[in-house]
Amino acid sequence: SQQGEEDPQALSIQEGENATMNCSYKTSINNLQWYRQNSGRGLVHLILIRSNEREKHSGRLRVTLDTSKKSSSLLITASRAADTASYFCATDGGNKLVFGAGTILRVKS
Amino acid sequence: NAGVMQNPRHLVRRRGQEARLRCSPMKGHSHVYWYRQLPEEGLKFMVYLQKENIIDESGMPKERFSAEFPKEGPSILRIQQVVRGDSAAYFCASSLPSARTDTQYFGPGTRLTVL
């Protein structure tokens, strides 16, 4: 079964607005990562947050991790049309990454 | 420093044919992972290899699928006697030996279409 599950499944916002995506997982983790995938393309690594961290920033991205609730959120501030993509969380599952089904973000200009 | 390379980017096969997907990891990376992505879904782990060794193949279908990572050359994911359900995007990732599930760097993927 999937470890990470994102919500919402799809999100449509106007350029300049903030976008928040959530990820829940089931078992203990060492770290959680967020990836972006543009339509028909490969995955781009966005950010990694370790289990002993609560918040991490990278440019317009802010990731939070709540291990007590087994959840993480990805916030993209001041969104741009180029942020339109699918966003996946991935948790470490031994020798592999375990991905959720993703959130499709559409930023309208 | 070239990233993870995969070829071909698109592959069309008829049912019953064989598909061979290639992956060259990033320079200095000796760990390779293969994932499969069905339409509208996230990536699912298939196999984890080091040079000349399969470390974890828990995600590989029991039949028709095999993977190798020889001492020289790229990693190969081989699908024999393809069926329509094999149509998907296949992604390869690589990592440093110490990294494993820290940061894996993904290739652009091979999109397999089975007619």
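Residues numbered from 1 in each chain as written. Chains lettered and ligands numbered in written order. Predicted model: local features only at pLDDT ≥ 70, side-chain atom pairs only at ≥ 80, totals over all residues. Heavy atoms only, no water.

Draft legend 1. Representation of the sheet that holds strand β8 (residues 71–76) of chain A. All names here are of chain A. Read from one edge of the open sheet, 5 strands run β1-β3-β8-β7-β6, paired in antiparallel fashion. The strands lining the two open edges of the sheet, one partner per strand, are β1 (5–7) and β6 (55–58). Strand-to-strand twist of the sheet, defined as the mean angle between neighbouring strand axes without regard to direction, takes the value 20 degrees. As judged from the 3 bridges shared by β1 and strand β3 (residues 19–24), these two strands associate in the antiparallel manner. By the bridge assignment, Glu5 is partnered in β3 with Ser24. (Pairing = 2+ DSSP bridges. Helix = DSSP H or I, 4+ residues; strand = E, 2+ residues; numbered from the N terminus. Axes fitted to C-alpha atoms, helices over the stretch in contact; angles between N-to-C directions.)

Draft legend 2. Highlighting the layout of surface pockets. As a volume, the largest pocket reaches approximately 510 Å³. Along the wall of the largest pocket there are 21 residues; nearest its centre are Gln37, Leu38, Pro39, Glu40 and Glu41 of chain B. At the level of secondary structure, the elements contributing two or more residues to the lining of the largest pocket comprise β9 (85–93) of chain A together with β9 (88–95) and β11 (110–114) of chain B. For the lining of the largest pocket, the element with the most residues is β11 of chain B, which contributes 3 residues. Among the residues forming the lining of the largest pocket, the class breakdown is 8 nonpolar, 10 polar and 3 charged. (1 Å grid on protein atoms, 1.4 Å probe; cavity = no way out; pocket = protein on both sides within 12 Å on 5 of 7 lines; lining within 4 Å. Points joined across faces, edges and corners; volume = space filled by probe spheres on them. Nonpolar A, V, L, I, M, F, W, Y, C, P; charged D, E, K, R; others polar.)

So far we have only geometry, and geometry alone does not tell us how the molecule works.
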